[in-house]
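Commentary on secondary and tertiary structure
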Amino acid sequence: MSKLPVVSGRKCVKILGKTGFYFKRREGSHITLRKDDPFTQVVVPDHKELDRGTLRAIIRQAGLSVDEFVRLVK
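Residues numbered from 1 in each chain as written. Predicted model: local features only at pLDDT ≥ 70, side-chain atom pairs only at ≥ 80, totals over all residues. Heavy atoms only, no water.

**A word on the nonpolar core**
Core analysis: the biggest nonpolar cluster contains 19 residues, and C12, L16, V44 and L55 have the highest contact counts within it. Of all elements in the fold, only α1 (9-17), β2 (30-35), β3 (40-45), α2 (52-61) and α3 (66-73) reach the threshold of two or more residues within this core. If we skip the residues at most four places from it in the chain, V44 touches G9, C12, V13, L16, S29, H30, I31, L33, L50 and I58. (Core = buried A, V, L, I, M, F, W, Y, C linked by side-chain atoms within 4.5 Å. Buried < 20%, exposed > 50% of the residue type's maximum accessible area, 1.4 Å probe, protein only. Helix = DSSP H or I, 4+ residues; strand = E, 2+ residues; numbered from the N terminus. Contact = heavy atoms within 4.5 Å.)

**What about the side chain of R34?**
With respect to the helices, strands and loops of the structure, R34 is situated in strand β2. Of the side chains with opposite charge, D36 comes closest to the buried, unpaired R34, at an N-O distance of 5.3 Å. Of the polar contacts made by the side chain of R34, one reaches the side chain of Q41; its length is 2.5 Å. With residues up to four places along the chain from it excluded, the contact list for R34 reads G20, F21, Y22, K24, F39, T40 and Q41. (Lys, Arg positive; Asp, Glu negative; His and termini not counted. Salt bridge = Lys/Arg side-chain N within 4 Å of Asp/Glu carboxyl O. Polar contact = N/O pair within 3.5 Å; in protein donor to acceptor, adjacent residues only side chain to side chain.)

**Here we look at the environment of F23**
With respect to the element layout, F23 can be found in strand β1 (residues 22-27). Sequence separation of F23 and V42 is 19 residues, and the distance between their C-alpha atoms is 10.0 Å. Those residues in contact with F23 that sit more than four places away from it in its chain are I31, T32 and L33.

**Quick notes on α2**
An α-helix turns once every 3.6 residues. As a result, residues three or four positions apart point the same way. Restricting attention to buried positions, one finds in α2 the residues L55, I58 and I59. Projected down its long axis, α2 carries its buried residues within an arc of 100°, all on one side. The exposed residues of α2 that point more than 90 degrees off its buried face are G53 and R60. Where α2 is buried, its residues meet α1, β3 and α3. A positive backbone phi angle near 80° is found at G63, which sits one or two residues after α2. (Arc of directions from axis to C-beta.)

The structure is reproduced here in structure tokens:
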């Protein structure tokens, strides 16, 4: 298992965009992303640095593994 990288909320949004997620709406400091097939919705906080647990939960909800996410970061 790869070590989780330190990423910001906006960088996480860009990475998830590579996998088919698109911007749905923004409420305060939270960005909602959606993917239609299969239907998935993920909320990403727009923080300078995401906590490890928060990032791990976002990756899990997006249906990715940590290794896949790390490959997309590079």
